[in-house]
Amino acid sequence: PEKDDLGKILIKELNISGQTLSERSAAVLKHMLHHYSDVSISTIDKFSHRLIRTFSQDLGLSINFEVELDKDVLEQGVLDELMNKVGSDSTLTNALVDLVQSTTEDEKGWNIDDRIKNFIAVLFSEESRFHLDHLSKIELKEFGQLRNKLNKKLSEAKKELRQIGKSAIDSFKKHGLSPSSISGGANGIYSYFSRLEKGDFKGASPTIIGRVENDKWYGGKASTQEKNAIDELIPALTEGFEKAEELIPTVNYHQIIFNHIYGVALLDEMQRILAQLQEEEEVVHIGEFNHMISNVVMTESAPFIYERIGARYHHFLVDEFQDTSILQWFNLLPLIDESLAHDNLCLIVGDAKQSIYRWRDGDVRQFT
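Residues numbered from 1 in each chain as written. Predicted model: local features only at pLDDT ≥ 70, side-chain atom pairs only at ≥ 80, totals over all residues. Heavy atoms only, no water.

Would you take a moment to explain the overall build of the protein chain for this structure?
When helices and strands are tallied, the protein chain shows 15 helices and four strands. Relative to a compact globule of 368 residues, whose C-alpha radius of gyration would be 21 Å, the protein chain shows 32 Å and is clearly more extended. Taking the principal axes of the C-alpha coordinates as reference, the protein chain spans close to 105 × 65 × 35 Å. Within the protein chain, buried positions represent 40% of all 368 residues. In the protein chain, once contacts between residues fewer than 6 apart in sequence are set aside, the share between residues at least 24 apart is 73%. Carbon together with sulfur atoms contributes 52% to the accessible area of the protein chain, which is approximately 22,400 Å² in total. One finds the centroid of the 41 positive side-chain charges in the protein chain at a distance of 7 Å from the centroid of its 59 negative side-chain charges. (Helix = DSSP H or I, 4+ residues; strand = E, 2+ residues; numbered from the N terminus. Rg over C-alpha atoms; globule rule 2.2 N^0.38 Å. Buried < 20%, exposed > 50% of the residue type's maximum accessible area, 1.4 Å probe, protein only. Contact = heavy atoms within 4.5 Å. Areas by Shrake-Rupley, 256 points an atom, 1.4 Å probe, with all protein chains shown as cover. Lys, Arg positive; Asp, Glu negative; His and termini not counted. Charge placed at Lys NZ, Arg CZ, Asp CG, Glu CD.)

So this is what it looks like as structure tokens:
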């Protein structure tokens, strides 16, 4: 030990001889080897897998199930099965047809495979699962009814916005006013109403809002006659502007929902297909572990869980805690709570700043 840097430090810190350090090291090594089974080191996924194996009957799983690490394989399986149902299931077919039309209207081509795969990927996210549970209560045909209502609302609101723009531009032209006559010129208030008329429903910039609020309507080169004409139009223009600014966020919000509603509607069907696929193939995606365990662990006592896995853990150290999801933590919580109740040592280790990467749905709030 005297020749080793760590040995030298220990000899100095403990104030012992090299011979004593050698004897103590031998004793520690022997103790570790004879009590090797007292230490368990694994990833949370591996520990979860062990729990699932012991609770497989409670979870309705085959005892021979395999773990699937590659979600791409399952995604393709769900997509293929979804496409196989086209033609036989009218509601599903209509939903897919509308999704194709929506994709085409967005100028993203007619092929919806990638778009559907993006939706399928949501099924493997822990954060999405809670929302998916709510979606399962809504029937596919109800999404169609909702989309029709949204479409009607959107059409009416867009028509009103175009009319606001048209009325303003017609008034400008009637009074011989050009963009240069109005504050901001070609990029100002005139262009704002012009965009509305053409169906471009983009909200006003802070500069334009400031000009309207501060009654700065005149262009730099506006003549006295033009200023008088503008003064006459200000009440109607202000009213139209305020109405448009109120409508635009609602239109854009509804448009986002409208464009994605069938993809969201299909999620519940995709989830059913995924569950059926995993059952038939006797596979479980690694991302499913925590959801499955939470159904059992959160309702059972820690002693019962220990009894089933055949081991009792006295102390816990969770490393890289910033990458531990809320669901993973909740699944460990009964065991950690039991450990703390017996005055054992529990530690979490990690770097809270790295939570920004949201690896495995890590949440910085959980760390803090």
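How should the packing of aromatic side chains be read in this particular structure?
The description of two aromatic rings rests on the distance between their centres and on the angle between their planes. Considering all chains together, one arrives at seven aromatic pairs under this definition. Aromatic pair Phe-321 and Trp-329: ring centres 5.1 Å apart, planes at 85°, arrangement edge-to-face. The burial state of Phe-321 is the same as that of Trp-329; both residues are buried. Taken together, the ring pairs in this structure connect Phe-172, Tyr-190, Tyr-192, Phe-193 and Phe-241 into an aromatic cluster. (Phe/Tyr/Trp six-rings, centres within 6.5 Å; stacked < 30°, edge-to-face > 60°.)

When you look at the packing of helix 13 (residues 302-309) against helix 14 (residues 326-341) in this model, what are you seeing that I'm missing?
Geometry of a packed helix pair, given as the angle between the helix axes and the separation of the axes. Running from N to C, helix 13 and helix 14 cross one another at 105°; their axes reach a closest spacing of 9 Å. Put simply, helix 13 runs roughly perpendicular to helix 14. Contacts between helix 13 and helix 14 involve Ala-302, Pro-303, Ile-305 and Tyr-306 on the former and, on the latter, Pro-334, Leu-335 and Glu-338. In terms of residue class, the contact of helix 13 with helix 14 is made up of six nonpolar, no polar and one charged. (Axes fitted to C-alpha atoms, helices over the stretch in contact; angles between N-to-C directions. Parallel < 35°, antiparallel > 145°, perpendicular 65-115°, else oblique. Nonpolar A, V, L, I, M, F, W, Y, C, P; charged D, E, K, R; others polar.)

Would you explain the pattern of salt bridges in this entry?
Any two side chains of opposite charge can pair, on the condition that their charged atoms come close. Inspection of every chain in the model, using the stated rule, returns seven salt bridges. Between Lys-243 and Glu-160 there is a salt bridge; the shortest N-O distance is 4.0 Å. Here Lys-243, found in helix 11 (residues 224-281), pairs with Glu-160, found in helix 8 (residues 140-174); they are 83 residues apart in sequence, far enough to count as distant. Lys-243 gets classed as partly exposed once you look at its relative accessible area, which sits at 32%. A salt bridge links Asp-200 to Arg-195; the shortest N-O distance between them is 3.9 Å. Via salt bridges that share partners, Lys-85, Glu-269 and Arg-272 belong to a single interconnected network. (Salt bridge = Lys/Arg side-chain N within 4 Å of Asp/Glu carboxyl O.)

Explain helix 5 (residues 90-105) to me, please; I cannot follow it from the model alone.
Working note: α-helix, 3.6 residues per turn, so residues spaced by three or four point in the same direction. Its 16 residues give helix 5 an end-to-end C-alpha distance of 22 Å, which sits within 8% of 22 Å, the value for a rise of 1.5 Å per residue. All buried positions along helix 5 are accounted for by Leu-92, Thr-93, Ala-95, Leu-96, Asp-98, Leu-99, Ser-102 and Thr-103. Elements in contact with the buried residues of helix 5: helix 4 (71-84), helix 6 (113-122), helix 8 and helix 11. (Expected span 1.5 Å × (residues − 1).)

What's the story with the environment of Glu-307 in this structure? I'm lost.
Tracing the sequence through the fold places Glu-307 in helix 13. Spatially, the C-alpha atoms of Glu-307 and Thr-54 are 9.9 Å apart, while their sequence positions differ by 253 residues.

Is there a simple way to explain the side chain of Asn-331 in this structure?
Relative to the assigned elements, Asn-331 resides in helix 14. Residue classification places Asn-331 among the buried positions, given a relative accessible area of 4%. With residues up to four places along the chain from it excluded, the contact list for Asn-331 reads Asn-290, Ile-293, Ser-294 and Val-297.

Help me out: how do you make sense of the packing of helix 4 against helix 11 in this one?
At a minimum axis separation of 9 Å, helix 4 and helix 11 run at an interaxial angle of 115°. For the element pair helix 4 and helix 11, the recorded crossing hand is right-handed. Counted together, Leu-74, Gly-77, Val-78, Glu-81 and Leu-82 of helix 4 and Glu-269, Met-270, Ile-273, Leu-274, Leu-277 and Gln-278 of helix 11 form the full contact between these two elements. Partitioning the contact of helix 4 with helix 11 into residue classes produces seven nonpolar, two polar and two charged. (Left-handed = near helix turned anticlockwise from the far one by under 90°.)

Looking at this model, I keep getting lost on a negative patch on the surface. Mind explaining?
Among the surface-exposed residues, Asp-80, Glu-81, Asp-113, Asp-114, Glu-279, Glu-280 and Glu-281 lie close enough to one another that they form a single negatively charged patch. At the level of elements, helix 4, helix 6 and helix 11 are the ones that each hand at least two residues to the negative patch. With respect to the helices and strands, Asp-80 occurs in helix 4. (Patch = residues over 30% accessible without salt bridge, like charges linked within 9 Å, V, L, I, M, F, W, Y side chains within 5 Å.)

Explanation requested: the environment of Glu-338 in the structure shown.
Mapped onto the secondary structure, Glu-338 falls in helix 14. With residues up to four places along the chain from it excluded, the contact list for Glu-338 reads Ala-302, Pro-303, Tyr-306 and Arg-312.

Can you walk me through the nonpolar core in this structure?
Soluble globular proteins: nonpolar side chains tend toward being buried together. Grouped together as the largest cluster of nonpolar side chains are 59 residues, with contacts concentrated most on Ile-116, Phe-172, Tyr-192, Phe-193, Leu-196 and Met-270. Every element with two or more residues in this core is listed here: helix 4, helix 5, helix 6, helix 7 (126-135), helix 8, helix 9 (189-198), helix 10 (206-213) and helix 11. Ranked by residues supplied to this core, first place goes to helix 11 with 20 residues. Non-local contacts of Met-270, meaning those with residues more than four positions away in its chain, are made with Val-78, Leu-82, Ile-116, Phe-119, Ile-120 and Leu-123. Counting 27 residues, the second largest nonpolar core, distinct from the first, contains Ile-44, Ile-309, Phe-321 and Trp-329. (Core = buried A, V, L, I, M, F, W, Y, C linked by side-chain atoms within 4.5 Å.)

What is the right way to look at unusual backbone geometry in this model?
Of all residues except glycine, most have a negative phi; of all peptide bonds, most are trans. Although it is not a glycine, Asn-15 adopts a positive phi angle of roughly 55°. Structurally, the position occupied by Asn-15 is in the loop between helix 1 (5-14) and helix 2 (18-34). Not every positive phi belongs to a glycine, and Glu-282 is a case in point at roughly 55°. Turning to its location among the elements, Glu-282 is positioned in the loop between helix 11 and strand 2 (283-285). By relative accessible area, Glu-282 is classed as partly exposed at 34%.

Any functional reading would require information that these geometric values do not contain.
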